[in-house]
Amino acid sequence: MNVYDSARMADILKPLGYTVQNTPENADLIIVNTCHIREKAEQKLYSDLGRYKPFKMSKQAKGEDMILAVAGCVAQAEGEEITKKAPFVDVVFGPQTYHRLPEMIARAHRATGKRNVLDVDFPVESKFDYMPKPTADSKGSAFLSVQEGCDKFCTFCVVPYTRGAETSRPIQAVVEDAKHLVSQGVKEITLLGQNVNAYHGEDGSGKERTLGDLLFALAEVEGIERLRYTTSHPRDMHDRLYEAHRDIPQLMPYLHLPIQSGSDRILKAMNRQHTGDQYRAIIEKLRTYRPDISMSSDFIVGFPGESDKDFEDTLQMVRDINYPSCSYSFKYSIRPGTPGALMENQVPEEVKDERLQRLQALLREQQLAFNQQSAGTIMPVLFEKVGKHEGQLIGKGPNLQSVYVEGNERLIGHIENVEIIAGHQNSLEGRIVTIS
Ligand code: 5AD
Ligand code: SF4
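Bear in mind the structure is a predicted one, so any value in this text is a computation, not a measurement.

1. Some remarks on the overall build of the chain
Part 1 of the reasoning: Looking only at helices and strands, one finds 13 helices and 18 strands in the chain.
Part 2 of the reasoning: Taking 436 residues into account, the globule formula puts the C-alpha radius of gyration at 22 Å, and the chain, at 23 Å, falls close to it.
Part 3 of the reasoning: Dimensions of the chain, computed from the C-alpha atoms along their principal axes, are close to 60 × 60 × 50 Å.
Part 4 of the reasoning: Expressed as a percentage of its 436 residues, the buried residues of the chain come to 52%.
Part 5 of the reasoning: Restricting to contacts in the chain with at least 6 residues of sequence separation, those with at least 24 account for 72%.
Part 6 of the reasoning: Carbon and sulfur atoms make up 50% of the accessible area of the chain, which totals about 20100 Å².
Part 7 of the reasoning: One finds the centroid of the 52 positive side-chain charges in the chain at a distance of 2 Å from the centroid of its 60 negative side-chain charges.

2. Comments concerning the site of ligand 1
Part 1 of the reasoning: Taken together, I37, R38, F156, Q260, D298, I300, F330, K331, Y332, S333 and R335 make up the full set of residues near ligand 1.
Part 2 of the reasoning: F156 is positioned such that a nitrogen or oxygen atom in its backbone is 2.9 Å from a nitrogen atom of ligand 1.
Part 3 of the reasoning: Take S333: an N or O atom from its main chain is 2.8 Å from a nitrogen atom of ligand 1.
Part 4 of the reasoning: If ligand 1 stood free it would expose 400 Å²; the protein chains cover 86% of that surface.

3. Some points on the pattern of salt bridges
Part 1 of the reasoning: Applying the stated rule across the entire model yields 33 salt bridges.
Part 2 of the reasoning: With a closest N to O distance of 2.9 Å, R8 and D11 form a salt bridge. One end of the pair is R8 and the other is D11, both in helix 1 (residues 2–13) and three residues apart, which spans about a single turn.
Part 3 of the reasoning: The class for D11 is buried, based on a relative accessible area of 8%.
Part 4 of the reasoning: Two residues, D292 and R290, come together in a salt bridge whose shortest N-O distance is 2.7 Å.
Part 5 of the reasoning: In this structure, a network of salt bridges that share partners links the residues K331, E349, K352 and D353.

4. Examining the sheet that holds strand 4 (residues 117–119)
Part 1 of the reasoning: Taken together, four strands build an open sheet; the order of strands is 1-2-3-4 and the sheet is parallel. Each edge of the open sheet is held by one strand with a lone partner, namely strand 1 (29–34) and strand 4. Strand after strand, the sheet turns through a mean of 10 degrees between neighbouring axes, direction not considered.
Part 2 of the reasoning: Two strands pair when backbone bridges link them, and strand 2 (residues 67–71) and strand 3 (residues 91–93) are joined in this way by two bridges, in the parallel orientation. Paired with A69 across the two strands is V91, which belongs to strand 3.
Part 3 of the reasoning: Along the sheet face, helix 1 touches strand 1, strand 2 and strand 3 and points at about 155 degrees away from the line of strand 1.
Part 4 of the reasoning: Sheet strands touched by helix 2 (residues 39–61): strand 1 and strand 2. Its angle to strand 1, the strand with the most contacts, is close to 180 degrees.

How each quantity is defined
- Residues numbered from 1 in each chain as written.
- Chains lettered and ligands numbered in written order.
- Predicted model: local features only at pLDDT ≥ 70, side-chain atom pairs only at ≥ 80, totals over all residues.
- Heavy atoms only, no water.
- Helix = DSSP H or I, 4+ residues; strand = E, 2+ residues; numbered from the N terminus.
- Rg over C-alpha atoms; globule rule 2.2 N^0.38 Å.
- Buried < 20%, exposed > 50% of the residue type's maximum accessible area, 1.4 Å probe, protein only.
- Contact = heavy atoms within 4.5 Å.
- Areas by Shrake-Rupley, 256 points an atom, 1.4 Å probe, with all protein chains shown as cover.
- Lys, Arg positive; Asp, Glu negative; His and termini not counted.
- Charge placed at Lys NZ, Arg CZ, Asp CG, Glu CD.
- Near = heavy atom within 4 Å.
- Polar contact = N/O pair within 3.5 Å; in protein donor to acceptor, adjacent residues only side chain to side chain.
- Salt bridge = Lys/Arg side-chain N within 4 Å of Asp/Glu carboxyl O.
- Pairing = 2+ DSSP bridges.
- Axes fitted to C-alpha atoms, helices over the stretch in contact; angles between N-to-C directions.

See the structure below:
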């Protein structure tokens, strides 16, 4: 979502004459777009700001100016605290107000050195109504935000506080953006939302629709060859979504469905609102609708009170489900203001370390086995960029596996059939199948 938001900020600033630079030295404006989900991400902000400060000073010494802005969820959560800790920051704004960037920048120019601009509102207007149509940030595939915020309040998570309440964009607005992306050569669209399958946008008649309905509407848009969505919550797997997986060929056979823990006791303490067996039943049903679907998940180890037995339940869940696609696992990180931060029985750091290593070893094993099984198959690959080696292209298969081949750069943004020669830990090696 932050990658998407940053690209939208660039879109908004383009009419003002700003273009994206690859280095910070001579920038007129630096926006640090932040994440607040874990403590480490938050700490990164202050080290980044320390790195950028000398660039601002040296521009000022030349009689020029640089606006330094902090965006995203740390800005939302910390607000004025940021300018207290780092007074050289000019603008602080949250994820829901970046459509007001031109105004904030104008105010910062007028106020430089005198006062900072702060905008961490949850405005009544939707930022999407004030933004230019999205530009595709990579050739071939693009993100598209359809839902934001969260009403689930998992006890470890800051998202409901920083991103605010759940909102969904109307079906028509999403379809319009999708058509615009396709007109720029986009073939694959990944729908984004903190809780994307809780989507409940309105259709043309004002009736609330589900994510499944939205996917069926997008499947009608000519030129969209691949659809994906992320991130989902197990509580919001509606029937229409299963049907979408069965009936929409463009919907790729892959689902990121975070479970966080395999222990019912911990799931309850996390307020995830489902049990391990309910999750198993979801996956089983999905596999009957779309047998080739592959799964990935997010996991948290060391949530307060997690015993050895609870952790074993997580490992058992991983063995039962089999997560061949790239999963994400984290050590529980105390987030101030969340119920988890006040819980007793915090787990010692070294226990979290050990559990994380064991979990990641198991996930790596499953991923390697899946990648090795792919050897000998032929799959359509959407090429996205050049690789590290001369003449190498990198793309994505239907299950989101990273595939590299020898090929011509002009294939970037195109889908070609690739025969997989070998499966490695994080990628597949293949050759383009030429049709004679
Ligand atoms: N500690 C560790 N991981 C967390 N996540 C969210 N909050 C925390 C936290 N306090 C993880 C969850 C979520 C992913 C986006 O980040 O696994 O699914
Ligand atoms: Fe955070 Fe996801 Fe839980 Fe919402 S559903 S509180 S975003 S982990």
